[in-house]
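Coordinate inspection notes
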Amino acid sequence: MKFWKMNGAGNDFVIINNLEEHIPHEALPKIAQTLCERHLSIGADGLMAVDTPTPGTDADVRMLFYKIG
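Here the structure is a predicted model, which means the values were calculated and not measured.

A closer look at the overall build of the protein chain
- Of the regular secondary structure elements, the protein chain holds two helices and four strands.
- For the protein chain, the N- to C-terminal ordering of α and β elements is β-β-α-α-β-β.
- Computed over C-alpha atoms, the radius of gyration of the protein chain comes to 12 Å, within 12% of the 11 Å expected from 2.2 N^0.38 for 69 residues, which places it in the range of a compact globule.
- Across its three principal axes, the protein chain shows a C-alpha extent of roughly 40 × 25 × 20 Å.
- When each of the 69 residues of the protein chain is scored for burial, the buried share is 35%.

What follows is the structure, encoded as structure tokens:
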């Protein structure tokens, strides 16, 4: 899985492009917990997933946020 780790305003996030990864939405909360564990994994305050836009909107993408802790 490709990912980026970015920070801003005192927070850090693991970011994935779910347009390419195709991870089922119901799996993302567990993946966020696993990847964001600071002592056993990448470590971050949360996960951000770039995903397909909500149907019926004019958006190009949507961002799904999973805050840990």
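Focus: the sheet that holds strand β2 (residues 11–17)
- Taken in spatial order, the four strands make up an open sheet running β1-β2-β3-β4, and their pairing is mixed. Edge positions in the open sheet fall to β1 (4–8) and β4 (62–67), since each of these has one partner strand only. Averaged over all pairs of adjacent strands, the angle between their axes in this sheet comes to 30 degrees, without regard to strand direction.
- As paired strands, strand β3 (residues 46–51) and β4 are joined by six bridges and run antiparallel to one another. Across the sheet, the residue bridging to D51 is R62, located in β4.
- Against the sheet, helix α2 (residues 28–36) touches β2, β3 and β4, its axis set at about 135 degrees to β3.

As for the confidence of the model for the protein chain
- Taken residue by residue, the protein chain gives an average pLDDT of 96. The fraction at 70 or more is 100%.
- The least confident element of the protein chain is β1, whose mean pLDDT is 95; the most confident is β3, at 98.

A look at α2
- Looking at α2, one finds that the buried residues are L28, I31, A32, L35 and C36. The buried residues of α2 occupy one face: seen down the axis, they fall within an arc of 110 degrees.
- Tucked into the core, α2 has its buried residues touching β2, α1 (18–21), β3 and β4.

How each quantity is defined
Residues numbered from 1 in each chain as written. Predicted model: local features only at pLDDT ≥ 70, side-chain atom pairs only at ≥ 80, totals over all residues. Heavy atoms only, no water. Helix = DSSP H or I, 4+ residues; strand = E, 2+ residues; numbered from the N terminus. Rg over C-alpha atoms; globule rule 2.2 N^0.38 Å. Buried < 20%, exposed > 50% of the residue type's maximum accessible area, 1.4 Å probe, protein only. Pairing = 2+ DSSP bridges. Axes fitted to C-alpha atoms, helices over the stretch in contact; angles between N-to-C directions. Contact = heavy atoms within 4.5 Å. pLDDT = per-residue confidence, 0-100. Arc of directions from axis to C-beta.

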